[in-house]
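Each chain is listed here by its residues.
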Amino acid sequence: MVQSKKDLFGAVFAEFLATGLFIWIGCGAAISSNTWHSGNTTPEVGSVVGIALAFGFGISVLAYGIGHVSGGHINPAVTFSFLIRGEMSFASATMYMLAQFSGAFIGALLLYASVIGLTTGCEGNTVNTIDDGANVRLCSASCTLDDTGVFVDCGAPFGLGANQVSDAIGQGSAFIAELIGTFVLVFTVLMAAVHKSNGSGPNAAPIAIGWSVMLAHLVLVPLTGCGINPARTFGPAVVALISGTNTFVRGAWVYYTAPFAGSLCATLSYEIIFKHVPAVGEEAVAKQPPRSSSVVGNIPEGLASKFVDEA
């Protein structure tokens with residue numbers, strides 16, 4: 001299906017808008033869940049679950065919202081899968097990715113504007129003069145301590161939830177974890193939204209995709225913050241850097257390589273093994289003569305590939 005320029009513009013803008021909202025929702029939940037409880041810098045179970053739910057439900061809602069317009073990629077790694085499968089031209093895929101990266105930046109900028117006041121009470125105070133554990137946690141994660149123990153140079157609260165590799169794991173482990181997390185996401189997209197023999201049909205695909213994002217976050221948040229989406233990593237990192245917090249540190253390269261590697265692995269698995277495998281019982285049904293009372297139709301390609309450019 002060849003898109004007109006008007007259709008392509010609408011699809012690209014949909015990706016821009018949805019990715020921005022995705023950042024505001026998911027990273028906003030990461031900031032909120034860490035702001036309103038006391039404790040050390042280790043993520044608590046409640047925070048991890050809250051973050052995972054926000055990212056998972058967020059992607060599901062947004063995929064329903066724009067799936068019929070752009071396919072609901074909201075992730076350069078997903079777009080990359082459709083590019084290497086030959087369902088998008090290089091030009092269209094590039095426009096999608098640029099929209100996703102720029103949307104993530106604007107979403108992070110709007111999130112920063114929403115939470116910038118959280119660190120107001122940090123500047124000029126010390127750990128001892130802030131009696132609220134949540135505020136100590138916030139200030140310690142968002143500001144610098146000078147030689148006298150005073151919080152100074154406060155940047156974006158919690159770095160706007162920017163991804164960082166935990167000191168507890170190596171960069172190689174982080175790469176493998178991010179690769180597998182992205183594999184789960186892209187494989188779910190291909191099997192639930194694209195495969196013609198999926199049992200649920202394309203209308204249920206965003207639910208499965210949202211669950212895959214949620215599950216990846218439950219595993220990866222304590223390890224890498226869960227990127228599995230280069231645009232999600234890029235937007236908050238750039239805005240945090242503008243605010244004075246440098247998150248382009250140890251392991252930053254992982255978030256811009258592992259998702260594409262995971263997408264490639266998932267796509268190859270789908271194309272080589274699963275693409276032409278019929279659903280259970282499908283062959284038996286195909287051998288039966290058609291019934292006059294039944295209506296036989298093809299399952300659509302699905303939300304993720306409905307509006308892609310084959311030119």
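Higher on the page you've got the structure.
Report follows, based on the coordinates.

Reading the values: the criteria
- Residues numbered from 1 in each chain as written.
- Predicted model: local features only at pLDDT ≥ 70, side-chain atom pairs only at ≥ 80, totals over all residues.
- Heavy atoms only, no water.
- Patch = residues over 30% accessible without salt bridge, like charges linked within 9 Å, V, L, I, M, F, W, Y side chains within 5 Å.
- Areas by Shrake-Rupley, 256 points an atom, 1.4 Å probe, with all protein chains shown as cover.
- Salt bridge = Lys/Arg side-chain N within 4 Å of Asp/Glu carboxyl O.
- Helix = DSSP H or I, 4+ residues; strand = E, 2+ residues; numbered from the N terminus.
- Buried < 20%, exposed > 50% of the residue type's maximum accessible area, 1.4 Å probe, protein only.
- Disulfide = S-S within 2.5 Å.
- Axes fitted to C-alpha atoms, helices over the stretch in contact; angles between N-to-C directions.
- Parallel < 35°, antiparallel > 145°, perpendicular 65-115°, else oblique.
- Left-handed = near helix turned anticlockwise from the far one by under 90°.
- Contact = heavy atoms within 4.5 Å.
- Nonpolar A, V, L, I, M, F, W, Y, C, P; charged D, E, K, R; others polar.
- Core = buried A, V, L, I, M, F, W, Y, C linked by side-chain atoms within 4.5 Å.

To continue, consider a nonpolar patch on the surface. A surface patch of nonpolar side chains, amounting to about 830 Å² of accessible area, comprises Phe9, Phe13, Leu17, Leu21, Trp24, Ile25, Ile106, Leu109 and Leu110. Put simply, the parts of the chain that give the nonpolar patch at least two residues each are α1 (5-35) and α4 (90-115). By secondary structure assignment, the location of Leu109 is in helix α4. Classification of Leu109 as partly exposed rests on a relative accessible area of 36%.

This structure, assessed with the given rule, holds two disulfides. Residue pairing for Cys122: its cysteine sulfur links by disulfide to Cys139, the two sulfurs lying 1.9 Å apart. For the disulfide bridge between Cys122 and Cys139, the dihedral angle about the S-S bond is near -80 degrees, and by the sign convention the bridge is left-handed. Taken together, the positions of Cys122 in the loop between α4 and α5 (133-142) and Cys139 in helix α5 put the pair 17 residues apart, joining distant regions of the chain. Cys139 matches Cys122 in its accessibility class, with the two residues each being buried. A disulfide bridge connects Cys143 with Cys154, and the sulfur atoms are separated by 2.0 Å. Since a negative S-S torsion denotes a left-handed disulfide, the Cys143-Cys154 link at about 105 degrees is right-handed. Taken as a pair, Cys143 in the loop between α5 and β1 (144-145) and Cys154 in the loop between β2 (151-152) and α6 (171-194) lie far apart in primary sequence, 11 residues in all. For the residue pair Cys143 and Cys154, the accessibility class agrees, reading buried in each case. The cystine pairing of the protein chain, numbering bonded cysteines in sequence order, is 1-2, 3-4.

So, on to the packing of α4 against helix α8 (residues 230-243). Between α4 and α8, whose axes approach to 8 Å, the crossing angle comes to 45 degrees. Classified by the interaxial angle, the pair formed by α4 and α8 is oblique. Handedness of the crossing formed by α4 with α8: right-handed. Between α4 and α8, the contacting residues are Gln100, Phe101, Ala104, Phe105, Ala108, Leu109 and Tyr112 on the first element and Pro230, Ala231, Phe234, Gly235, Pro236, Val238, Val239, Ile242 and Ser243 on the second. Residue composition of the contact of α4 with α8, by class: 13 nonpolar, three polar and no charged.

As a further point, take the nonpolar core. In terms of nonpolar packing, the biggest core is built from 52 residues, with Ile74, Phe82, Leu160 and Leu185 touching the most fellow members. Contributing elements (two or more residues each) for this core: α1, α2 (45-70), α3 (76-84), α4, α6, α7 (205-224), α8 and α9 (258-274). Broken down by element, the residue count for this core peaks at 10 residues, all from α1.

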